[in-house]
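# Results of the structural survey
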Amino acid sequence: MGRMSFGLLPRVILAVAAGLVLGQYVGPTFVRWCATFNALFGQFLGFSIPLIILGLVAPGIADLGKAAGVSSP
């Protein structure tokens, strides 16, 4: 028997339901920890995504510059 896989929408619904249930039982310390992690991870993504884009786009622009004076046969 193969492993059953869920689509994205059922996963999101399950995660929201789990968050609602878990939110009834955890204390404010856990919520503060999650908010701190969320803020730090968001700052990290905000810093790294432009660098990743630059790292992917810059070589393509450099390759265009190398081939600018060369005519193809």
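Residues numbered from 1 in each chain as written. Predicted model: local features only at pLDDT ≥ 70, side-chain atom pairs only at ≥ 80, totals over all residues. Heavy atoms only, no water.

## Remarks on the overall build of the protein
- A tally of regular secondary structure across the protein gives two helices and zero strands.
- For the protein, the proportion of its 73 residues judged to be buried stands at 1%.
- Roughly 6900 Å² of accessible area belongs to the protein as shown, and the carbon and sulfur atoms make up 74% of that amount. (Helix = DSSP H or I, 4+ residues; strand = E, 2+ residues; numbered from the N terminus. Buried < 20%, exposed > 50% of the residue type's maximum accessible area, 1.4 Å probe, protein only. Areas by Shrake-Rupley, 256 points an atom, 1.4 Å probe, with all protein chains shown as cover.)

## With respect to the packing of aromatic side chains
- Tallied over the entire structure, the rule returns four aromatic pairs.
- With a centroid separation of 6.0 Å and 10° between ring planes, the pair formed by W33 and F37 is classed as stacked. Here F37 and W33 lie together in helix α2 (residues 28-66), a separation of four residues that amounts to about one turn.
- Looking at W33, the relative accessible area reads 56%, which means it is exposed.
- On the basis of an interplanar angle of 10° and a centroid distance of 5.9 Å, the ring pair of F37 and F41 is categorised as stacked. With F37 and F41 both in helix α2 and four residues apart, this pair spans about one turn of that helix.
- Ring-pair connections join several aromatic residues into one group, and the members of that group are F30, W33, F37, F41 and F44. (Phe/Tyr/Trp six-rings, centres within 6.5 Å; stacked < 30°, edge-to-face > 60°.)

## Quick word on helix α1 (residues 8-23)
- Taking 1.5 Å of rise per residue, the 16 residues of α1 would be expected to cover 22 Å, and the 22 Å separating its terminal C-alpha atoms lies within 8% of that figure.
- Of all 16 residues that make up α1, zero are buried, and the element is exposed over most of its length. (Expected span 1.5 Å × (residues − 1).)

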